[in-house]
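Residues per chain, in single letters:
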Amino acid sequence: MTEEKPRPNILFITSDQQRGDCYGFRGRKVQTPHLDLLASEGTSLETVVTPCVVCQPARASILTGLLPRTHGVHDNGIDLDPELGEKGFAGSLSAAGYHTAKIGKAHFATYHVFGDSDTVESIPGSARVPAGWRGPYMGFDHAELVHIGHNWWLPEEPPAGLAYEEWYYGDGRGAWKNKLLWESARDHKGAPQTWSSKLPVAWHNSTWIADRTVDFLRQDHGKPFCLWVSFPDPHHPFDCPEPWASLHRPEDVDLPEHRTRDFEGRPWWHQAAVETEIPAEHAEIRAKYSRLAEMSDAHLREVIANTYGQLALIDHSVGRILAELEAQGLADNTYIVYTADHGDWLGDHGLVLKGPMPFEGLLNVKAIVKGPDVPVGRVSHEPLSTLDLGATFMDWAGADSLMDTHGRSMRDVISGEGTRDGALSEWELLPGRVGVGLSLRTVRSKTAKLTMDLQSGAGEMYDLAADPQELHNLFDNPDHARLQADLTDILMSRPDDIQPNRVPVGMA
């Protein structure tokens, strides 16, 4: 009688706002040796669409396997309904006997709320969470969370904040750390939101997340685990700590080939999104934090070099995690996935950060997968989505979902046996972000992309095989009517389960 093989573990690692091409093995001049090795030992998925190009909707889609207009988090500042969140992949795997855990950034609910809130992740709600709280949360049995993680704001001081902030201030040195956090070790020539933080790397949240993950892997959970490790970087502000901030010299980084703003031939909202006056209640934070002016090459080099430093620190942290997985004898029976919630323009078309222009650097996050039956060294270009991840995890685990989802297991594509017609992304954009409201829908096929605003009927379409820089908008071009019709059919195949628009409770 043969012994039954134990169910596999799942180690899911994400970064925040990392472009799908920002890896050494994909040709950028960034030092990511551990992620490069992971890709060489597994499969690289080269077309993985985010269901939304901003954080809260994208993360809610990863957890639930639903498109944003269905789970209701159709823009930042809208909270995921906990009853729905608890039926996502974490809750489903927990119900199937897995130990589910989340370490790092969650962002399933709004931090900066307009009024009071009892949600765990809101600033006022976090102050009501008991000291030492470690979940459960949104279907995860265990949760060790970084409250916000982006250092435009200082870490919330207890009783506010969550596990990371509790640790950060726990030694009584919080004021000293905060002073160093916002000091720059060198001059960045006035590049916006850019400094080389003097905060010693031992106290950085990327280091803390790796520390807590290593500790998790050393524990005997008595059951298989599904662990989501979530780094808040390389999100702006670009505040990489030294010495990682100096790892990539600005003069050596690679700049985008096309890095000037080009509104001619684009749909109307491209120009409106960067020029429309933002409502007064949102104007200051959007102008200073979310909307950056077109940069000089010198400033862009500083931003990219700092971003690369943030990524190198994450890569180092991933290396520590994978080494511990090996040391604990878990590697042979663990599926590993690395991807991001969404990307960043990072200079493409004269743009930095994110917004309603779903160029590839923002939309296509790509992914790396390694595991027991994952082909080694394989590369796939089939169009997938991060909302497919939950279905894939449950397929690997032999578990059933607690609800119907839009996601579909990637397992057949990873093996090389399956194909896909296209992947969808959407954003019901409220006016508070860029001053205009939009109902954006995007479909990405293997070689082309179509985006439409359903309110105005305007759109953009690119033949990515012939025009990878996305310079020539083919929307309503009669010579490409067949391509537009095919993509429109996929776009309109979206399930008819759209929920009413919701009112935001905060900004993000």
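See the structure printed just above.
Rules used in this analysis
- Residues numbered from 1 in each chain as written.
- Predicted model: local features only at pLDDT ≥ 70, side-chain atom pairs only at ≥ 80, totals over all residues.
- Heavy atoms only, no water.
- Pairing = 2+ DSSP bridges.
- Helix = DSSP H or I, 4+ residues; strand = E, 2+ residues; numbered from the N terminus.
- Axes fitted to C-alpha atoms, helices over the stretch in contact; angles between N-to-C directions.
- Contact = heavy atoms within 4.5 Å.
- Buried < 20%, exposed > 50% of the residue type's maximum accessible area, 1.4 Å probe, protein only.
- Polar contact = N/O pair within 3.5 Å; in protein donor to acceptor, adjacent residues only side chain to side chain.
- Disulfide = S-S within 2.5 Å.
- Parallel < 35°, antiparallel > 145°, perpendicular 65-115°, else oblique.

Our next topic: the sheet that holds strand β12 (residues 438-444). The strand order β11-β12-β13-β14 describes an open sheet built from 4 strands, whose pairing is antiparallel. Whereas interior strands pair on both sides, the edge strands pair on one side only; in this sheet they are β11 (423-429) and β14 (459-463). On average, each strand axis in the sheet is inclined to that of its neighbour by 10 degrees, with strand direction left out of account. Of the strand pairs in this sheet, β11 and β12 are connected by 7 bridges, and their pairing is antiparallel. Looking at the pairing, L429 lines up with L438 of β12. The strands that helix α17 (residues 481-491) touches are β11, β12, β13 (448-453) and β14; relative to β13, the one it contacts most, it runs at about 65 degrees.

Taken across its 5 residues, strand β5 (residues 142-146) has 5 buried, putting it largely inside the fold. In β5, alternate side chains face the same way, and those of H142, E144 and V146 on one face and A143 and L145 on the other are all buried.

The subject of this paragraph is the side chain of N364. Its place among the elements puts N364 in the loop between α13 (360-363) and β8 (367-370). Under the relative-accessibility criterion, N364 is labelled buried at 4%. Engagement of the side chain of N364 in a polar contact is seen with the backbone nitrogen of K366, the distance being 3.3 Å.

Taken as a whole and judged by the stated rule, the model has 0 disulfides. Not part of a disulfide, C22 finds its nearest cysteine sulfur in C240, a span of 14 Å.

Interhelical geometry of helix α1 (residues 33-40) versus helix α12 (residues 297-327) gives an angle of 55 degrees and a closest axis separation of 7 Å. On the basis of the axis angle, α1 is oblique to α12. Here P33, H34, L35 and L38 of α1 come into contact with α12, specifically with D315, H316, V318, G319 and L322.

Judged by pairing direction, the sheet is mixed, and its 8 strands sit side by side in the order β5-β4-β6-β1-β7-β8-β2-β9 without closing on themselves. In the strand order of this sheet, the two ends are held by β5 and β9 (378-380), each with one partner. Looking at each pair of strands side by side, their axes are set apart by 10 degrees on average, direction ignored. In this structure, strand β4 (residues 99-105) lies alongside strand β6 (residues 225-230), joined through 6 bridges in parallel fashion. Counted as the bridge partner of A101 is L227 from β6.

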